[in-house]
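Here is what each chain is made of, one letter per residue.
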Amino acid sequence: MSLICTGCGAPLQMDTEDAPGYITNEAFMREQPVCQRCYRLIHYGQFQPMAIPEETYRQVVMRALARPSFVLYVMDLFDVSGSVVPGLTGVLRQHDVMIVANKFDLFPKQTADEYVKSWLLREARRAEIPASDAVLVSAKSGYHMDELMERLEARARKKQIVVMGMANVGKSSLLNALLSRLDPEQTRFTTSAFPGTTLGSMAIKLGDQGFTIVDTPGLMGKHRIQDRVCKASLKQIMPTERLRPRVYQLQKGQTLFLGGLARFDFVEGPPQSVVVYVANQLRVHRTKLQQADSLYERHLGGLLTPPCALCDEGLRTLVPKNVSFTEGRPVDLAIPGLGFLRLSGQAIKGVIHLPKGVTVNVRNALIS
């Protein structure tokens, strides 16, 4: 019979550090052992990211939402299409849902808050997320965290706050920033296993303040590129500083490679600008369309990297999809887990090449 973490209720294990219940050999010998995740929260007030596969994620969230809750639906503003949690629209309609869009600090300084907030709520409706409100924040810089706290004070006191989201949207950073404001004296937090699950959800009660936060693990998925690259390649595609938009004046017969993970062919249309929003450290390569196939074959894993040999093998074959637009509003071609291309709104015919299982999301431009 396996021992259970007395903090979150996950079975204790020593094999996989980023899985629920991980504990070191030394900690395992304590009288009432807790997993590394709970230990860091209880003693240091720090949340540690935790991710589980889709087949178990739904069970965790459904149990957490078994009673009326205030839901913080955490999204990565840089990767909105990759932040949508599938299959929970029905159960979320029974709760008060607010979107918290993290990583606003990555965007150019002139980005208008109100425009982005309105855009985000429209995208949420498209994705059937029943959110009544949204707030743009940066857990890293503290931007609008005070506003988020005011919303919680007004709407969530004495309620259960369920925090949910995909892996790597910055949920743990957000929780750390929240706890530092909710309990600035850094007192010891108490944790408990959420009733009915041993999959790593934990409930955190904050003394007499009337807040109970239920932290659910992040969801991993095959529809996002970031979930399919190795750790070294992940560092190349995840932005860590303010984005520097890369503007390319393209004409028909030209191709853009985003590393070796995506490719855009400009097939037909007047010369126009295409703006690339990806991590600053990811190499973008422009070439002639007639040379693109041979370039990909010769330089994948070298000039065109990621992917590398340690990444998901499925990332090394790109599947083409035709995209075409008549003259109109600027649009984004958003690639889950990688970034987006902003098209100018001129008529264009093109082809987007992505790994199998990754689908482009066509949307109104996020940055006007």
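Being a predicted model, the structure only gives us computed values, none of them experimental.

Calculation criteria
- Residues numbered from 1 in each chain as written.
- Predicted model: local features only at pLDDT ≥ 70, side-chain atom pairs only at ≥ 80, totals over all residues.
- Heavy atoms only, no water.
- Helix = DSSP H or I, 4+ residues; strand = E, 2+ residues; numbered from the N terminus.
- Rg over C-alpha atoms; globule rule 2.2 N^0.38 Å.
- Contact = heavy atoms within 4.5 Å.
- Areas by Shrake-Rupley, 256 points an atom, 1.4 Å probe, with all protein chains shown as cover.
- Lys, Arg positive; Asp, Glu negative; His and termini not counted.
- Charge placed at Lys NZ, Arg CZ, Asp CG, Glu CD.
- Buried < 20%, exposed > 50% of the residue type's maximum accessible area, 1.4 Å probe, protein only.
- Pairing = 2+ DSSP bridges.
- Core = buried A, V, L, I, M, F, W, Y, C linked by side-chain atoms within 4.5 Å.
- Domains from an automatic or database assignment.
- Axes fitted to C-alpha atoms, helices over the stretch in contact; angles between N-to-C directions.
- Parallel < 35°, antiparallel > 145°, perpendicular 65-115°, else oblique.
- Left-handed = near helix turned anticlockwise from the far one by under 90°.
- Nonpolar A, V, L, I, M, F, W, Y, C, P; charged D, E, K, R; others polar.
- Disulfide = S-S within 2.5 Å.
- Salt bridge = Lys/Arg side-chain N within 4 Å of Asp/Glu carboxyl O.
- Arc of directions from axis to C-beta.
- Expected span 1.5 Å × (residues − 1).

A. Quick peek at the overall build of the chain. Per the secondary structure count, the chain includes nine helices and 19 strands. Relative to the compact-globule value of 21 Å for 368 residues, the chain shows a C-alpha radius of gyration of 22 Å, a close match. Along the first, second and third principal axes, the C-alpha set of the chain runs to 65 × 45 × 35 Å. The long-range share in the chain, meaning contacts at least 24 apart out of those at least 6 apart in sequence, stands at 73%. Carbon and sulfur atoms form 50% of the exposed surface of the chain, whose accessible area is close to 16600 Å². A distance of 4 Å separates the average location of the 44 positive side-chain charges in the chain from that of its 34 negative side-chain charges.

B. Representation of the pairing of strand 13 (residues 272-278) in the model. For strand 13, the buried fraction is high: six of the seven residues fall into the buried class. For strand 10 (residues 246-250) and strand 13, the ladder comprises five bridges, and the chain directions are antiparallel. Each residue of the ladder has a partner; that of Leu250, found in strand 13, is Gln272. Bridge count between strand 13 and strand 17 (residues 339-343): five bridges; the pairing is antiparallel.

C. Molecular detail of the nonpolar core. One finds Leu72, Tyr73, Leu92, Leu120, Leu148, Leu152 and Met164 to be the most contacted residues of the largest nonpolar core, which totals 81 residues. Apart from the residues lying within four places of it in its own chain, the contact partners of Leu72 are Met98, Val100, Leu148, Leu152, Ile161, Val162, Val163, Met164 and Leu178. Membership of the second largest hydrophobic core comes to 32 residues, among which are Val229, Val278, Val331 and Leu354.

D. Up close: the domain arrangement of the chain. According to the domain assignment, the chain contains domain 1 (1-44), domain 2 (48-221) and domain 3 (226-364). Here the C-alpha centre of domain 3 lies 41 Å away from the C-alpha centre of domain 1.

E. Representation of the sheet that holds strand 16 (residues 331-335). Taken together, the five strands give an open sheet; going across it, the order is 10-13-17-16-19, and neighbouring strands pair in antiparallel fashion. Each edge of the open sheet is held by one strand with a lone partner, namely strand 10 and strand 19 (361-364). When the angles between neighbouring strand axes are averaged without regard to direction, this sheet yields 25°.

F. How the structure looks around the packing of helix 6 (residues 145-155) against helix 7 (residues 171-182). Between helix 6 and helix 7, the least distance of the axes is 11 Å, while the angle of their chain directions is 70°. The orientation of helix 6 relative to helix 7 falls into the category roughly perpendicular. Judged by the sense of rotation from one axis to the other, the crossing of helix 6 with helix 7 is right-handed. Two secondary-structure elements touch here, helix 6 through Met145, Asp146, Leu148, Met149 and Leu152 and helix 7 through Leu174, Ala177, Leu178, Arg181 and Leu182. Counted by class, the contact of helix 6 with helix 7 contains eight nonpolar, no polar and two charged residues.

G. Region of interest: the state of the cysteines. The full count for this structure, using the stated rule, is zero disulfides. Free cysteine Cys35: the closest other cysteine sulfur is in Cys38, separated by 3.7 Å.

H. Molecular detail of the pattern of salt bridges. According to the stated counting rule, one finds 17 salt bridges in the structure shown. Where Asp76 meets Lys103, a salt bridge forms, and the shortest distance between an N and an O atom there is 3.1 Å. Of this pair, Asp76 sits in strand 2 (residues 70-76) while Lys103 is found in the loop between strand 3 (96-102) and helix 5 (113-126), placing the two residues 27 residues apart along the sequence. Summarising the burial analysis for this pair, Asp76 and Lys103 share the class buried. Arg126 is the salt-bridge partner of Glu123, the closest N and O atoms lying 3.1 Å from each other. Highlighted residues: Glu123 and Arg126, both in helix 5, separated by three residues, approximately one helical turn. On the accessibility criterion, Glu123 (10% relative accessible area) is buried. A cluster of three or more residues bridged by salt bridges with shared partners is formed by Asp96, Lys117, Asp133, Glu147, Arg151 and Arg155.

I. Region of interest: helix 9 (residues 289-299). Of all the residues in helix 9, the buried ones are Ala292, Leu295 and Tyr296. Along the axis of helix 9, the buried positions cluster into a sector of 100°, meaning they face one direction only. Counted as exposed and oriented over 90 degrees from the buried face of helix 9: Gln290, Glu297 and Arg298. Against the buried residues of helix 9 lie strand 11 (254-258), strand 12 (262-268), strand 14 (284-288) and strand 15 (318-325). After helix 9 finishes, the residue Gly301 shows a positive phi value of roughly 90°.

J. Quick peek at the sheet that holds strand 12. Strands sit in the order 14-11-12-18-15 across an open sheet of five strands; the sheet is antiparallel. Looking at strand neighbours, the two that pair on one side only are strand 14 and strand 15, the edges of this open sheet. Strand-to-strand twist across the sheet, computed as the mean angle between neighbouring axes with direction ignored, equals 20°. Bridge count between strand 15 and strand 18 (residues 348-355): eight bridges; the pairing is antiparallel. By the bridge assignment for strand 18, Leu318 is matched with Pro355.

K. Representation of helix 5 in the model. Taking 1.5 Å of rise per residue, the 14 residues of helix 5 would be expected to cover 20 Å, and the 20 Å separating its terminal C-alpha atoms lies within 8% of that figure. Within the span of helix 5, buried status applies to Val116, Lys117, Trp119, Leu120, Leu121, Glu123 and Ala124. Next to the buried residues of helix 5 lie strand 2, strand 3, strand 4 (133-136), helix 6 and strand 19. Glu128 occupies a position one or two residues after helix 5 and carries a positive phi of about 60°.

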